[in-house]
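# Geometric and topological summary
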Amino acid sequence: MPVIETAAVNMPLASSPTARVAASRLVMALPKGRILDELAPLLGRAGIAAAPDLMDEGSRRLRFETGDPGLDVVRVRAFDAATFVAFGACQLGVAGADVLMEFDYPEVYAPLDLGIGHCRLALAQPAHAPAPDLERTSHVRVATKYPNVARRYFAARGVQAEVVHLNGAMELAPSLGLSPMILDLVQTGSTLKANGLVEIATVAQVSSRLIVNRAALKTDAGRIARLIERIRDATV
């Protein structure tokens, strides 16, 4: 009868040196798209330029090494970066002020305005429509991907906001009768103009911020503080 050796089957496997090194690295969540294009040179100046395929939208990788052996970056949706940091999956990240306003995570600390990604959160409506009189109105309907921002904005003016939550194509909402106005990010205003809309109010000016998980800042204060200072120096 052949002898089957089973003694090692239930023994825990030791983690490899590679796995231990990866686990010890800090991780920064970066938003893909236009902001990443603006962010990459800044990170390069800070000495933490990522692997070249970070900028390749066709790359299937989502986690990338950087010029700093103690830091990896992950590429995520702009709306998700703050969530990765708030829940501690990433110790640092970059998020727009619009995202921070919408989610308002108490676990997230934003120590630095990076001076990139400038735009604004604005209310818009059809160019031919009369401007709403918020002093005489008690209820509005607005289409947006920022329901919390919209409700807070109108509540501060004594108006109840009925929010139609959309994730894109906001500009279609007025013409299709979904809502008379929208709340959306505006950079140049060209998309609004192309769809017959005009801005009627600026809700907030927006730029990208460096964000940090508050718990990680306490437990790994030295490394995170040094990274913040490097990035701060690179923004000057």
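What you are looking at is a predicted structure, and each value in this text was computed from that prediction instead of being measured.

The number of helices and strands found in the protein is nine helices and 11 strands. Its C-alpha atoms give the protein a radius of gyration of 23 Å, clearly above 18 Å, the size a compact globule of 236 residues would have. Taken along its principal axes, the extent of the C-alpha atoms in the protein is 85 × 55 × 35 Å. Put simply, the protein has 236 residues, and 43% of those count as buried. Nonlocal contacts in the protein, meaning residues at least 24 apart in sequence, comprise 66% of its contacts between residues at least 6 apart. Counting only carbon and sulfur atoms, one obtains 56% of the accessible surface of the protein, whose full area is about 12,900 Å².

Turning next to the layout of surface pockets. Empty space within the largest pocket amounts to approximately 440 Å³. Together, 21 residues line the largest pocket, and Arg34, Ile35, Ala78, Asp98 and Leu185 are the ones closest to its centre. Top element by residues in the lining of the largest pocket is strand 4 (residues 92–96). It accounts for three residues. Classifying every residue of the lining of the largest pocket by side-chain character gives 11 nonpolar, four polar and six charged. Contributing to the lining of the second largest pocket are 13 residues, with Glu171, Asp184, Leu185, Val186 and Thr191 lying nearest its centre. Looking at the lining of the second largest pocket, the elements with two or more residues in it are strand 9 (181–186) and helix 7 (190–194). Its residues assigned to classes, the lining of the second largest pocket comprises five nonpolar, six polar and two charged.

Let us look at the nonpolar core. Grouped together as the largest cluster of nonpolar side chains are 35 residues, with contacts concentrated most on Leu121, Leu123, Val142, Phe154, Leu183, Val203 and Ile211. Excluding residues within four positions of it along the chain, Leu183 makes contact with Leu121, Ala122, Leu123, Val142, Ala143, Thr144, Lys145, Tyr146, Val149, Ala150, Met170 and Val203. Grouped together as the second largest cluster of nonpolar side chains are 28 residues, Met28, Ala51, Val212 and Leu227 included.

Here five strands make up an open sheet; going across it, the order is 8-7-9-6-10 and the pairing mixed. Edge positions in the sheet fall to strand 8 (160–165) and strand 10 (197–206), since each of these pairs with one other strand and no more. Pairwise comparison of adjacent strand axes, ignoring direction, gives a mean angle of 30° for this sheet. Relative to strand 10, strand 6 (residues 119–126) is paired through eight bridges, and the arrangement is antiparallel. Paired with Pro126 across the strands is Leu197, a residue of strand 10. Sheet strands in contact with helix 5 (residues 147–155) are strand 6, strand 7 (139–144), strand 8, strand 9 and strand 10, and its direction is about 165° off that of strand 8.

What counts and how
Residues numbered from 1 in each chain as written. Predicted model: local features only at pLDDT ≥ 70, side-chain atom pairs only at ≥ 80, totals over all residues. Heavy atoms only, no water. Helix = DSSP H or I, 4+ residues; strand = E, 2+ residues; numbered from the N terminus. Rg over C-alpha atoms; globule rule 2.2 N^0.38 Å. Buried < 20%, exposed > 50% of the residue type's maximum accessible area, 1.4 Å probe, protein only. Contact = heavy atoms within 4.5 Å. Areas by Shrake-Rupley, 256 points an atom, 1.4 Å probe, with all protein chains shown as cover. 1 Å grid on protein atoms, 1.4 Å probe; cavity = no way out; pocket = protein on both sides within 12 Å on 5 of 7 lines; lining within 4 Å. Points joined across faces, edges and corners; volume = space filled by probe spheres on them. Nonpolar A, V, L, I, M, F, W, Y, C, P; charged D, E, K, R; others polar. Core = buried A, V, L, I, M, F, W, Y, C linked by side-chain atoms within 4.5 Å. Pairing = 2+ DSSP bridges. Axes fitted to C-alpha atoms, helices over the stretch in contact; angles between N-to-C directions.

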